[in-house]
Amino acid sequence: MTENIIEIEDDSFEKIVLKSDKPVMVDFWAPWCGPCKAIAPTVEALEKEYGDRMTFAKVNVDENPISPSKFGVQAIPTLIFFKNGEIADQITGMVAKEKLEETIKGVL
Amino acid sequence: MTTVDYDLVIIGAGPAGLTAGLYAARARMNVLLLEKAVPGGQILITDWIENYPGFPEGISGYDLSEKMKRQAEDLGLKIETAEVHSLNLSEKVKQIILKDRTITCKSLIIASGASPRNLGIGEDKFFGKGVSFCATCDGPFFKEKTLVAVGGGDTAVQEAIFLTKFAQKVYLIHRRDELRAAKILQERAFENEKIEIVWDSVVTGVEGFFAVEGVRIKNLKTSEERTLKANGCFIWIGILPNTSFLNDSLKTDAYGFIVADSKMQTSVPGVYAAGDVRDTPLRQIATAVGDAAIAAVSAEHFIESL
């Protein structure tokens with residue numbers, strides 16, 4: 001796990017995600033989810049490339065049940081892109097690097 | 001032969017592709033493995049594997065795929081993330097057309113696997129909102145909820161049992177009056193008090209506003225229809241081959257699975273198929289890795305004969 005990906009909790013969600021000046025990608029994940037672990041290296045690689053323009057964050061849905069339910073997350077991995085406090089885009093399921101990069105570019 | 005990029009290209013990094021890569025790397029072939037998403041394939045969405053020998057306590061799909069990947073990469077296998085757009089197999093040198101370039105190879109192993117089949121009743125609008133193919137990803141969102149699972153094979157029965165860890169009740173909808181799953185799984189399902197099997201029935205609709213609220217089912221013997229109140233619908237009714245890039249370049253069966261001989265060679269010499277994408281009587285990790293070992297050695301012999 002890269003230190004540049006910020007761990008968010010229910011309490012800090014609003015401050016870090018919704019009130020951010022930069023767009024934020026939130027990776028909803030859990031330790032029991034294989035596909036979540038499988039896409040983690042892709043997310044980390046893209047953080048290195050786009051981390052200066054977009055905040056990369058993740059929420060452990062096991063420990064933080066409020067945020068996922070607030071945004072209707074019922075499947076993981078789900079990546080939600082927030083811009084100015086609103087959902088700009090969303091990807092559910094395993095995603096290839098190319099698709100994820102396209103989505104990031106679209107949000108920026 | 002003119003300059004060719006690779007001796008061997010493998011398409012797909014599930015158990016079959018990773019095993020073929022392992023054998024090819026050990027044979028010191030100039031090999032590339034192409035994966036469109038992330039290595040692992042369907043085993044990534046399998047919560048627990050207990051029919052692959054060597055792991056008496058069982059192993060998670062993710063851990064097994066990581067081990068397979070590491071073993072192949074440690075031996076020098078190169079894995080690249082790229083989706084194959086199409087193939088040109090009409091010449092001696094095979095061409096693999098990607099989005100941004102074309103690569104050439106002397107031989108090819110197709111291990112692109114299969115994907116879960118949809119019900120095809122408009123349930124796709126509830127993907128990520130209660131309709132799912134992955135119990136290990138999405139099951140824990142349904143603590144104390146009621147779920148519907150569809151199917152009667154190994155996957156359906158095993159994953160329905162897994163869902164009872166979270167859900168208060170799981171209806172297992174099956175179109176026949178007996179299950180196809182392995183007997184050990186059937187025994188566990190019958191003993192599980194949270195599972196109610198609905199026989200001779202099919203799903204005809206998924207209902208809900210934002211998310212799944214109910215699943216409509218029909219009894220095939222009586223034609224009676226009713227709606228089960230449920231918060232999720234998990235579908236395991238079989239698979240379809242991942243062969244959109246083939247464009248009729250190889251012989252397939254009626255369902256699109258690639259036909260291969262006992263050496264895993266397809267209708268085109270030097271092109272092999274392994275794992276779930278192949279026309280085979282059984283689709284397991286154990287059979288996929290067996291196919292792949294044969295395919296890799298066949299490819300090696302083929303290249304030597306050129």
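None of the values given here were measured: they were computed from a predicted structure.

The rules we used
Residues numbered from 1 in each chain as written. Chains lettered and ligands numbered in written order. Predicted model: local features only at pLDDT ≥ 70, side-chain atom pairs only at ≥ 80, totals over all residues. Axes fitted to C-alpha atoms, helices over the stretch in contact; angles between N-to-C directions. Helix = DSSP H or I, 4+ residues; strand = E, 2+ residues; numbered from the N terminus. Parallel < 35°, antiparallel > 145°, perpendicular 65-115°, else oblique. Left-handed = near helix turned anticlockwise from the far one by under 90°. Contact = placed C-beta atoms within 7 Å. Nonpolar A, V, L, I, M, F, W, Y, C, P; charged D, E, K, R; others polar. Core = buried A, V, L, I, M, F, W, Y, C linked by C-beta atoms within 7 Å. Buried ≥ 20, exposed ≤ 12 C-beta atoms within 10 Å, placed from the backbone. Pairing = 2+ DSSP bridges.

Engineer: Honestly, the packing of helix α1 (residues 15-26) of chain B against helix α2 (residues 61-74) of chain B in this entry has me stumped. Any pointers?
Structural biologist: For any two helices packed against each other, the geometry comes down to the angle between their axes and how far apart the axes lie. All names here are of chain B. At a minimum axis separation of 8 Å, α1 and α2 run at an interaxial angle of 20 degrees. In this view, α1 runs roughly parallel relative to α2, as classed from their interaxial angle. Handedness of the crossing formed by α1 with α2: left-handed. Each of Pro 15, Leu 18, Gly 21, Leu 22 and Ala 25 in α1 lies in contact with α2, whose residues at this interface are Met 68, Lys 69, Gln 71 and Ala 72. Residues of the contact of α1 with α2, tallied by class, amount to six nonpolar, two polar and one charged.

Engineer: Quick question: what am I supposed to make of the nonpolar core here?
Structural biologist: Grouped burial of nonpolar side chains is what soluble globular proteins tend to show. Membership of the largest hydrophobic core comes to 126 residues, with the highest contact counts inside it found for Ala20(B), Ile109(B), Ala149(B), Val150(B) and Ala274(B). Residues within four places of Ala20(B) in sequence aside, it is in contact with Ile10(B), Ile109(B), Ala111(B), Ala274(B), Ala292(B), Ala295(B) and Ala296(B).

Engineer: What is the right way to look at the pairing of strand β4 (residues 84-88) of chain B in this model?
Structural biologist: Both faces of the sheet carry side chains from a regular strand, because those side chains alternate between them. All names here are of chain B. Sheet analysis places β4 next to strand β5 (residues 94-98), joined by four bridges and oriented antiparallel. The residue of β5 that forms the bridge with Asn 88 is Gln 95. In this antiparallel pair of consecutive strands, β4 and β5, the connection spans five residues.

Engineer: Quick question: what am I supposed to make of the interface of chain A and chain B here?
Structural biologist: By convention, interface size is frequently given as the accessible area that disappears when the constituent parts associate. Taken residue by residue, the interface counts 19 residues in chain A and 24 residues in chain B. Looking at which element gives the most residues to the side of chain A that touches chain B, the answer is helix α2 (residues 34-50) of chain A, with six residues. Residue composition of the side of chain A that touches chain B, by class: eleven nonpolar, six polar and two charged.

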